[in-house]
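Chain by chain, the residues:
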Amino acid sequence: MKLSELPFNTQAKIISVDKKIISRVAAMGVIPGTEVKIIRASPLGDPLELEIKNYNLSLRKQECKLIEVEKI
Amino acid sequence: MSKNLALIGNPNVGKTAVFNELTGQTGHVANWPGVTVEKKTGKMDKEFDVIDLPGVYSLSPSAIDEMIARNFIVKDKPDLIVDILDATNLERNLYLAFLLKELEVPIIYVLNLMDVAKKRNIEVDVDKLAELLGAPVIPTVAIKGEGIDAVKTKIRKIFSDGKLAQKSSIPVKYSKEIEDKIQRTEELLKKDAPHFLSDKRRWAAIKLLEEDKEVIKEISASPNGIVVIENVKRFASGSEEFDLAGERYNIISEIIGQTYKRDKDMITTSDILDKIFLHKYFGIPIFFMIMWSMFEFTFRVSAPLGTLIELGLGALGDLITIAWPEDAWYTSLVLDGIIGGFGAVIGFVPLIFTMFLVLSFLEDSGYLSRAAFNMDRLMYKLGLHGRSFVSLILGFGCNIPAVMSCRAIESEEDRLTTILVNQNISCGARLPVYVLLGGFILGDGATGTIIFSLYFLGIVIAILMALFFKKVIFKGETAPFILELGDYRMPTVKYTGIHMWERGREFIKKAGLIIFTVVVLMWVLQSIGVDPDTGLLAWGTDPENSLLAGIGHLFQPLFAPLRWSWIAAVGIVFGFLAKEVVVAAFGLILAGEEEPEGLGKLVVGNLAVAGVAAAAMPALVYGYLVFVLLYTPCVAHLGAVYKETGSKKWTLVSATYGIAIGYILALIINLIGGVYF
Ligand SMILES: Nc1nc2c(ncn2[C@@H]2O[C@H](COP(=O)(O)OP(=O)(O)OP(=O)(O)O)[C@@H](O)[C@H]2O)c(=O)[nH]1
Ligand SMILES: [Mg+2]
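Scope of this entry: the structure provided in the associated data block.

So, how was this worked out
Residues numbered from 1 in each chain as written. Chains lettered and ligands numbered in written order. Predicted model: local features only at pLDDT ≥ 70, side-chain atom pairs only at ≥ 80, totals over all residues. Heavy atoms only, no water. Near = heavy atom within 4 Å. Polar contact = N/O pair within 3.5 Å; in protein donor to acceptor, adjacent residues only side chain to side chain. Areas by Shrake-Rupley, 256 points an atom, 1.4 Å probe, with all protein chains shown as cover. Helix = DSSP H or I, 4+ residues; strand = E, 2+ residues; numbered from the N terminus. Donors = N, O, S within 2.8 Å, 3.2 Å for Na, K, Ca; no water. Buried < 20%, exposed > 50% of the residue type's maximum accessible area, 1.4 Å probe, protein only. Phe/Tyr/Trp six-rings, centres within 6.5 Å; stacked < 30°, edge-to-face > 60°.

Let's talk about the site of ligand 1
Residue and element names in this part refer to chain B.
Point 1. Around ligand 1, 24 residues are found, and the nearest of them are K15, T16, V35, T36 and R489.
Point 2. Within the backbone of G55, an N or O atom sits 3.3 Å from an oxygen atom of ligand 1.
Point 3. Between ligand 1 and the protein, one listed contact pairs an oxygen atom with a side-chain N or O atom of R489 at 2.6 Å.
Point 4. Starting from 660 Å² of accessible surface for ligand 1 in isolation, the protein chains cover 96%.
Point 5. When contributions to the shell around ligand 1 are tallied by element, the ones reaching two or more residues are α1 (15-23) and α4 (114-119).

This is the structure we're talking about:
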């Protein structure tokens, strides 16, 4: 499923990342195989706050749609 | 020749704090990513030039500040790279460390934020880490200066031994598949573009495989570069960027596994604070409350100090009146010029400083990136970016650093838009004018409301202009919002103090140089005038006939439709040099007149041309304040806009649109307020 569809506070693993954003997010640890969890959405609904590699990263839903994950 | 040491690392890991400790300087340290946006050099031991760089996550830049850092590392070939790592977030920080390793340049690592790591029960095996990284690792707590001596000693030793940590440069080995591709690319480079990054050929090969935009651009410009790119495409699958990132993180995981222990379930203070500040329902109200209390605090704390200064200056003035000859030129200079004009500004110093203090606190706390997170959606709707929001908030202090901070904004369209709308955010220098005149609109008690309405109006205009620029002129996609939400930190007295002082120092420099000079200039212009009997220029004529009044009368027709007097015009014209001067001009021109109720009352009495009804004065004064809010902040701001946009056209747009909107609004307010009937 897409990361944007992942329920909050559910641990998942990244399967693939769209090439469009890879150069921007790879260095931040958003690469296949990494575990990720959505902690919350911004009060206005977007962006989302993720927990990844033990730190907190914020991405818009739009970008989260380009990231495939599976629950673990 | 002095040696270059480049400080690099992820954003917000304490690079500038380390820089300050190494060089004894006071660079701007704050708790949000993207504080440093240009390179800054300082000296250590006379023989080393230490260069503080903007933070980066990788060597493939996407914003101007990152480009500055990347180019320095890749092109300027520093003698030693000092990579600052965040001990609380080692895994991601090591990614950049590996990218640097690939460059095969001398490097040492500084493991900063050890105090926070300790608090979180994080254990790092520093020796093992150094062994695995193949270079020295030195733990530090930069804001307390801990470990800095060890860093210095290490640097000195590396250079005196002459063996520049070369062994650190054991190349990173990847899987056979990748290594094959790297090798083939290297061969292609050697054959077709032998001079391209010849000392970093392996690195160039890796970057070509990753389709790094900068390297592709650079090689395309070199002879046969295109051939190399075409040939690499034949065997590259296009997923190398991915594969390499994956492999790097795999190696890193291994290192982390051997050297790093953390308590996974520990709930940090930051987590708890985020539950409050980013709360679904309370997050936004809390944001507004924070902004409101910022202003509230600023006014309440500074008011008594301001009054004290005014009283002091008043007493000094009385003393001088008694002691010095009344008609001496220096008496007039000191009484009218310095105490009347410059003193009018000095009375507001506590206000401006408190504002700086509050902003520094906000910046150091870590809340700003949360504000960006809370507001990104709104900004996005305006076609902007959460990052733009941070720049806008900085504008409350001074629009110039705010304009510079836009370098961290990725998309050029967003960056230009944010630069151009920033001027509407009311800076500290405009505040004195509001405070002086704000009480004459709805009465003394409502000064706060008036001031708030002006700030609010500035924000509204900024939003509308952003919409206009982004939808009409700079059409284009907004860049993705990729923002790290780092830890909150309790701002320390020392650092918030230093930070306030940095800003305050700029202000004092400005007050001392620009404002003081302009005031003296205005005083001279006021002292020289046309003698009505002889028609010649003479010293000490009636102020009404002075050159200053002449300038006022010259410009007054421009403001005649607004019914402003020549005194109002002088304020605006000289206020262009620095907004504080508006108040100073009033103080100087009206210094001779008696008004027990203070300067504000005097100004209001002299702001309009004859014939404006007293009942319409509140509207006229408010229109004046709106104009002061919206017209060009100051020449220095225009300089910054020119420097950052590199375009005369946009600088001109910045200078004129504010004047136009301010003028139109003042007209409308006059109309509504009955100035014309
Ligand atoms: N507790 C603690 N805080 C630190 C330490 N070093 C830096 N800080 C704080 O971390 C924040 C970031 O410090 P900076 O020096 O501005 O970081 P930077 O790496 O220059 O950041 P950018 O210029 O944005 O890339 C500030 O709030 C500092 O006060 C440390 O060793 N311990
Ligand atoms: Mg910095």
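Details of the coordination of the magnesium ion (ligand 2)
Residues and elements named next belong to chain B.
Point 1. Taken together, T16 (OG1) and T36 (OG1) make up the protein donors of the magnesium ion (ligand 2), found 1.9 to 2.0 Å from the metal. Of this pair, T16 sits in helix α1 while T36 sits in the loop between α1 and β2 (40-44); the two residues are 20 residues apart in sequence, bridging distant segments of the chain.
Point 2. For T16, a relative accessible area of 8% gives the class buried.
Point 3. Note on T36: relative accessible area 16%, which makes it buried.

Points about the packing of aromatic side chains
Residues and elements named next belong to chain B.
Point 1. Across all of its chains, the model carries 28 aromatic pairs over all chains by this definition.
Point 2. Aromatic side chains F48 and F159 sit 5.1 Å apart centroid to centroid with 50 degrees between the ring planes, which places their arrangement in the tilted category. In this pair, F48 is assigned in strand β3 (residues 48-52) and F159 in helix α6 (residues 148-161), connecting sequence segments 111 residues apart. The residues F48 and F159 share a single accessibility class, namely buried.
Point 3. One aromatic cluster is present, formed by F559, W564, F586, Y624, F627, Y631 and Y663 through successive ring pairs.

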